[in-house]
Amino acid sequence: MTVKLRTFGAGVLAIAAAQVAFAPSAMAQVAITGVETLDDRIDDIEDDVRDDMQRAEDSARFGNPEFRPGLSGSASLGYSGKTGNNESQDLTAGVRLRFAQGQFVQTLGAALDFAEANNESTKEDVFVVYDANYYFDQNFYGFVLGRLKTNGLATNPDPDWDGEGDDPRLENTRRDAFLGFGPGYRIVNTPDMTWRVQAGVGVSYLQDGLKNSETEVGYLAASRFFYRINDNFFVTNDTDVLKSDTALRANNDLGLNVKMTDAFSTRVSYLTEYDESRAIRTDNKLGVSLVFGF
């Protein structure tokens with residue numbers, strides 16, 4: 001449960017001049033006592049919870065989504081640097097671009113995450129996804145999906161490795177790429193129930209920390225199901241399956257979404273991840289998100 005309180009007293013307006021005079025001291029006290037840090041942390045928790053709630057929403061649920069024609073998007077950049085007892089730098093950047101032209105909608109998203117501590121890189125991650133959809137009508141569409149994920153540190157040896165046995169970089173993934181395409185169809189499309197499925201074929205590319213690579217054909221299938229029980233309660237079930245020569249991988253996310261009041265909403269999700277290439281093939285995760293305001 002995340003609750004954010006903001007209080008304003010009448011006395012604040014009466015001493016505006018004093019606030020200006022003592023603003024630097026007050027700001028320093030807020031930073032030292034941790035009030036500002038806690039407020040930032042609460043904001044982060046709220047963002048995470050709301051993101052989880054919004055995962056149940058699907059802009060393409062009821063048909064061809066209406067996006068603003070032409071190019072639109074957003075970009076963000078964050079940097080922090082620290083010196084003194086410890087030196088560190090963190091750089092994060094993200095961009096989301098969408099180009100809509102009639103029945104053809106393309107989306108490109110990218111996230112970069114770089115970190116350094118005491119002049120040594122601790123993170124060099126890049127994640128890029130391209131998603132294109134062409135809507136022939138309200139029920140039938142075609143898609144192209146491409147993604148690339150890289151880990152620049154996968155080429156570095158493990159500092160704790162004693163040189164015996166297999167090089168740990170063999171188990172690290174330096175590049176993970178996939179490109180696939182196929183058709184999609186809406187089996188049910190009503191205000192209270194929607195169900196669409198899509199399937200396709202693609203190419204998967206993996207490269208380990210020693211630059212050994214493997215390319216294989218993969219087959220993918222997905223299902224998106226939505227059912228509204230009433231105005232305050234709906235159920236979603238999202239399934240994704242990827243079959244390749246290496247393994248069968250599948251995810252299933254079941255979500256129960258309840259809007260109890262205008263100020264109180266909750267989502268309970270159960271995520272199952274299956275990968276037959278692992279020793280323990282199935283992982284399960286239960287998630288509960290609450291949003292409460294007053």
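Right, let's walk through the structure included here. Per chain, the residues get numbers from 1 upward, laid out in the order the sequence is written. Thresholds applied to this predicted model are a pLDDT of at least 70 for local features of residues and 80 or more for the giving and counting of side-chain atom pairs; totals over whole chains, interfaces and linings are not thresholded and use all residues. Calculation of side-chain values draws on the structure's entire complement of heavy atoms; hydrogens and water are dropped beforehand.

Let us now look at the sheet that holds strand β10 (residues 248-259). Paired through backbone hydrogen bonds, the strands of a sheet run either parallel or antiparallel to each other. Here, any two strands with at least 2 DSSP bridges between them count as paired. Secondary structure elements follow DSSP: runs of H or I no shorter than four residues count as helices, runs of E no shorter than two count as strands, and numbering proceeds from the N terminus. Taken together, the 12 strands give an open sheet; going across it, the order is β1-β2-β3-β4-β5-β6-β7-β8-β9-β10-β11-β12, and neighbouring strands pair in antiparallel fashion. For this open sheet the edge positions go to β1 (70-82) and β12 (282-292), each flanked by a neighbour on one side alone. Geometrically, the sheet is characterised by an average inter-axis angle of 10° between neighbouring strands, direction not taken into account. Two elements, strand β7 (residues 193-208) and strand β8 (residues 213-230), share 15 bridges in a ladder whose sense is antiparallel. Counted as the bridge partner of Gly-202 is Gly-218 from β8. To get an axis, fit a line to the C-alpha atoms, keeping to the stretch in contact for a helix; angles then go from 0 to 180 degrees between the N-to-C directions.

Here the focus is the packing of aromatic side chains. Paired rings are identified among Phe, Tyr and Trp, the last through its six-membered ring, by centres lying within 6.5 Å, and are further divided according to the angle between planes into stacked (under 30 degrees), edge-to-face (over 60) and tilted (the rest). On inspection of all chains with the given rule, the structure shows five aromatic pairs. Pairing Phe-104 with Tyr-134 gives two aromatic rings, centres 6.2 Å apart and planes at 50°, and the pair type is tilted. Within this pair, whereas Phe-104 is found in strand β3 (residues 104-117), its partner Tyr-134 is found in strand β4 (residues 120-135), the two being separated by 30 residues in sequence. Centre to centre, the rings of Tyr-134 and Phe-136 are 5.0 Å apart; their planes meet at 70°, and the pair counts as edge-to-face. By relative accessible area, Tyr-134 is classed as partly exposed at 34%. Taken together, Phe-104, Tyr-134, Phe-136 and Phe-140 form an aromatic cluster joined through their ring pairs. Summary of the burial criterion: residues with accessible area below 20% of their type's maximum are buried, those above 50% are exposed, and those between are partly exposed, where the area comes from a 1.4 Å probe applied to protein chains only.

Every patch collects residues that have over 30% relative accessible area and no salt bridge, joining them within 9 Å if they carry like charges and within 5 Å if they are nonpolar side chains (Val, Leu, Ile, Met, Phe, Trp, Tyr). The protein chains shown are the only cover counted for residues, whose accessible areas, like all others here, come from Shrake-Rupley with a 1.4 Å probe. The term salt bridge refers to a side-chain nitrogen of Lys or Arg lying within 4 Å of a carboxyl oxygen of Asp or Glu. On the surface, Phe-104, Tyr-134, Phe-136, Phe-140, Tyr-185, Ile-187 and Trp-195 cluster together into a nonpolar patch covering about 650 Å² of accessible area. With respect to the element layout, Trp-195 can be found in strand β7.

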